[in-house]
Amino acid sequence: MDKREQFYKKLKKKLKKDTVFPAKYLFKFIVPSNEVAVKQVEDIFDFTGAVITKTSSKTGKYVSLSVLVVMKKADDIILKYKQAEKVEGIISL
């Protein structure tokens, strides 16, 4: 099992233990400051009722995205993280 799979397995266990679903969940990402990367992250949460807050870094090289959204179950959260992995240069926090 690779590190990513171990991370998701551990996350799922923690979410099931600590969270009562449906629940608000805050995703945090850092992406390179280009419209394509920001749009890709926004598209992942399209039609979910998510509130997305964007903040540019001091140098303007990166954009921080905070996404607050109601999630129905732990598997849905993990799915969103896996979709986000496909965005080039993304860092999930």
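As shown above, the structure is provided for reference.
Residues numbered from 1 in each chain as written. Predicted model: local features only at pLDDT ≥ 70, side-chain atom pairs only at ≥ 80, totals over all residues. Heavy atoms only, no water.

K.L.:
Explain the pattern of salt bridges here, please?
P.N.:
Think of it this way: side chains of opposite charge can pair up when their charged atoms draw near. Per the stated rule, a full pass over the model turns up five salt bridges. For Arg-4, the salt bridge is made with Glu-85, and the minimal N-O distance between the two is 3.3 Å. Within this pair, whereas Arg-4 is found in helix α1 (residues 3-18), its partner Glu-85 is found in the loop between α3 (74-84) and β4 (91-92), the two being separated by 81 residues in sequence. In this structure, the salt-bridge partner of Glu-42 is Lys-54, at a minimum N-O distance of 2.8 Å. Separated by twelve residues along the polypeptide, Glu-42 in helix α2 (residues 35-44) and Lys-54 in strand β2 (residues 51-56) bring together distant segments of the chain. (Salt bridge = Lys/Arg side-chain N within 4 Å of Asp/Glu carboxyl O. Helix = DSSP H or I, 4+ residues; strand = E, 2+ residues; numbered from the N terminus.)

K.L.:
Help me understand the pairing of strand β1 (residues 23-32) in this model?
P.N.:
Two faces belong to every sheet, and in a regular strand the side chains alternate between them. Here ten bridges tie β1 to strand β3 (residues 62-71), and the two strands are oriented antiparallel to one another. Looking across to β3, one finds that Tyr-25 is bridged to Val-69. (Pairing = 2+ DSSP bridges.)

K.L.:
I'm lost on the side chain of Lys-80 in this one. Help?
P.N.:
Tracing the sequence through the fold places Lys-80 in helix α3. An unpaired buried charge is present at Lys-80: no salt bridge exists, and Asp-76, the closest side chain of opposite charge, is 8.0 Å distant. In this view, Lys-80 contacts Phe-27, Ile-44, Phe-45, Thr-48 and Met-71; residues no more than four positions away in its chain are not counted. (Buried < 20%, exposed > 50% of the residue type's maximum accessible area, 1.4 Å probe, protein only. Lys, Arg positive; Asp, Glu negative; His and termini not counted. Contact = heavy atoms within 4.5 Å.)

K.L.:
Could you clarify how one ought to interpret the packing of aromatic side chains in this entry?
P.N.:
Given two aromatic rings, one states the distance between the centres and the angle between the planes to describe the pair. Applying the stated rule across the entire model yields eight aromatic pairs. Between the aromatic rings of Tyr-25 and Tyr-81, the centroid separation amounts to 6.3 Å while the plane-to-plane angle is 90 degrees, which identifies the pairing as edge-to-face. On the criterion of sequence distance, the pair formed by Tyr-25 in strand β1 and Tyr-81 in helix α3 is long-range, its members being 56 residues apart. Classification of Tyr-25 by relative accessible area gives buried; the value is 17%. For the pair Phe-27 and Phe-45, a centre-to-centre distance of 5.0 Å together with 55 degrees between the ring planes defines the contact as tilted. You can see Phe-27 sitting in strand β1 and its partner Phe-45 sitting in the loop between α2 and β2, a full 18 residues away along the chain. An aromatic cluster is built from Tyr-25, Phe-27, Phe-29, Phe-45 and Tyr-81, whose rings are joined through pairwise contacts. (Phe/Tyr/Trp six-rings, centres within 6.5 Å; stacked < 30°, edge-to-face > 60°.)

K.L.:
Which parts of the structure should I look at to understand the pairing of β2?
P.N.:
Two strands pair when backbone bridges link them, and β2 and β3 are joined in this way by six bridges, in the antiparallel orientation. By the bridge assignment, Ser-56 is partnered in β3 with Val-63. From the end of β2 to the start of β3, which pair antiparallel, there are five residues, and Gly-60 there has a positive phi angle of about 80 degrees.

K.L.:
I keep staring at the environment of Lys-86 and nothing clicks. Help me out?
P.N.:
Position of Lys-86 among the secondary structure elements: in the loop between α3 and β4. Distance from Lys-86 to Ala-50, taken between C-alpha atoms, is 19 Å for residues 36 residues apart in sequence.

Keep in mind these values describe shape, not function.
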